[in-house]
Amino acid sequence: MIFEYDVVIVGYGPAGAIAALWLGQAGLRTLVVEKSETIWQIPRAIAIDHEILRVLQNLNVAEEVLPFTAPFSTSEHFGVDGQLIRRIHVVEPPYPLGYTPTMVFTQPPFEAVLRKQVSTHASVTVKLGFEVVGLEQDKSTVTTRIKGPNGEQYVTSRYLIGCDGASSTVRRQMGIKLNDLGFDEPWLVVDVMVHESGLAKLPQTSAQYCNPKRPATFIVGPGNHRRWEIMLSEGEDAREMEKPENVWRLLSPWLMPSDGTLWRASSYRFHALLAAEWRRDRVFIAGDAAHQQPPFIGQGMCQGVRDVTNLCWKLIAVLSGAAHETLLDTYEAERSQHVHMLTSRIKAIGHHICERDPVAARQRDATLLLQGAAWLQRSPGRRSYRSLKQVCSHPRDTRRSAPSSRSLGS
């Protein structure tokens, strides 16, 4: 049987673009279907790590991506009374994988680099402004019905990968359910391009404000990009909290409207969800279509890149005749276990940060300070480490680093 394509990829975000790069590099006939005609010009993901840079290196785009990245800063955690309860330093060189282990990046130009590289592969066809409206498969073929500006058409392929996000059409078409791993909290994510006047007011490190009145995260992004993730309270309307006047009220412990320009303010439910199945015969899902994690260690996009990297080398091996099709069974077994383990760790971090009971929060602060003191006693005089390290200190003047408990409750 003659197939139009070896693989159809649905979705052209980072995971879909990297899947297209792997398949295009192998010369496989690949179709990418994306309903948006342009790259979304606001940031979503903000963190990237050395494993992903090594993937990009193998795809010949690492050097083009690096100008849009910056090393992740030291992170300081502040407790109920604004005291420093934990400091997590970045990994110091030499770096085990060559690149800085943890980085921040700007997503729109990052995606533009990926798409530019995809365009160099003659075997990859990209259809922007098209969406999937139907999906069927038999023992040898996936038939995808897509709708574009000029109506509907059918395409056939050997396999299909759904990289189409949290509301995945592919996942719904396949009837795949999401399992709830027990985390569901409302947050507002705010990105600001900060003026010089504002930068002087802000902490020089990233921060977690573990205040039960209003848990919040502050991230130092590339250049003058700064991000806040602010937990919403019961009774607050998520759409109302996105309005500029409410956003600036929440940012008032740090900035005034004259100090920067709002890039975006979007409310989200921070979920911990995992697909019950990652494969249905010849159809696979990856990235946010297969799992969603709270963003407390910035691994959402990275997990999607790991998914498609794991899957694509196996598809390449099977389609080239170098491996039996049963190799594809290992995709879900390998990736779902890793995602589940990491999501469990992220949940534990999230529960610490999101603690709304003042009594429990004070106990958390005391425990972290004791753990830090014990760690320092075990490691006297050490000043450099090749792994993440935490240092807890006594309360100090945190006027420029930690807004007061009262202001965070606004």
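Residues numbered from 1 in each chain as written. Predicted model: local features only at pLDDT ≥ 70, side-chain atom pairs only at ≥ 80, totals over all residues. Heavy atoms only, no water.

A few words now on the pattern of salt bridges. Within this structure, the stated rule accounts for 20 salt bridges. Between Lys-314 and Glu-334 there is a salt bridge whose closest N-O contact spans 2.6 Å. With Lys-314 in helix α9 (residues 300–319) and Glu-334 in helix α10 (residues 330–353), the pair connects residues that are 20 residues apart, well separated along the chain. Note on Glu-334: relative accessible area 40%, which makes it partly exposed. Among the ionic contacts, a cluster of salt bridges with common partners joins Asp-49, Glu-51 and Arg-306. (Salt bridge = Lys/Arg side-chain N within 4 Å of Asp/Glu carboxyl O. Helix = DSSP H or I, 4+ residues; strand = E, 2+ residues; numbered from the N terminus. Buried < 20%, exposed > 50% of the residue type's maximum accessible area, 1.4 Å probe, protein only.)

The biggest cluster of nonpolar side chains holds 85 residues, and the ones touching the most others in it are Ile-18, Ile-48 and Leu-56. Considering each element in turn, this core owes the most residues, 10 residues, to α9. Discounting residues that sit within four places of it in the chain, Ile-48 has contacts with Leu-53, Leu-56, Pro-101, Thr-102, Met-103, Phe-105, Phe-110, Met-301 and Cys-302. Among the nonpolar cores identified, the runner-up in size contains 24 residues, and Leu-84, Val-192, Val-194 and Leu-202 belong to it. (Core = buried A, V, L, I, M, F, W, Y, C linked by side-chain atoms within 4.5 Å. Contact = heavy atoms within 4.5 Å.)

Moving on, we come to the sheet that holds strand β4 (residues 69–71). Sheet architecture is open: three strands sit in the order β3-β7-β4, paired in antiparallel fashion. In this open sheet, the two strands that pair with only one neighbour each are β3 (47–49) and β4. In this sheet, adjacent strand axes meet at a mean angle of 40° when their direction is disregarded. Note that β3 and strand β7 (residues 102–105) share three bridges and pair antiparallel. Bridging from a neighbouring strand, Ala-47 pairs with Val-104 of β7. Packing against the sheet, α9 makes contact with β3 and β7, and its axis sits at approximately 45° to β3. (Pairing = 2+ DSSP bridges. Axes fitted to C-alpha atoms, helices over the stretch in contact; angles between N-to-C directions.)

Interpretation of the predicted coordinates at a detailed level should be avoided for regions scoring low in pLDDT. Per-residue pLDDT for the protein has a mean of 90; in total, 90% of the residues score no lower than 70. Every residue in residues 380–400 is under pLDDT 50, and counting partners more than four places away or in other chains gives 49 contacts. (pLDDT = per-residue confidence, 0-100.)

Another aspect to go through is the pairing of strand β2 (residues 30–34). The buried fraction of β2 is high, at five of five residues. Alternating residues of β2 divide into Thr-30, Val-32 and Glu-34 and Leu-31 and Val-33, and every residue in both groups is buried. Sheet analysis places strand β1 (residues 5–10) next to β2, joined by four bridges and oriented parallel. By the bridge assignment, Val-10 is partnered in β2 with Val-33. On the question of chirality, the crossover connecting β1 to the parallel β2 by way of helix α1 (residues 14–25) is right-handed. Sheet topology places β2 next to strand β8 (residues 124–128); five bridges connect them, and they run parallel. Bridge pairing in β8 links Leu-31 to Thr-125. (Right-handed = clockwise from strand over helix to strand, strands pointing away.)

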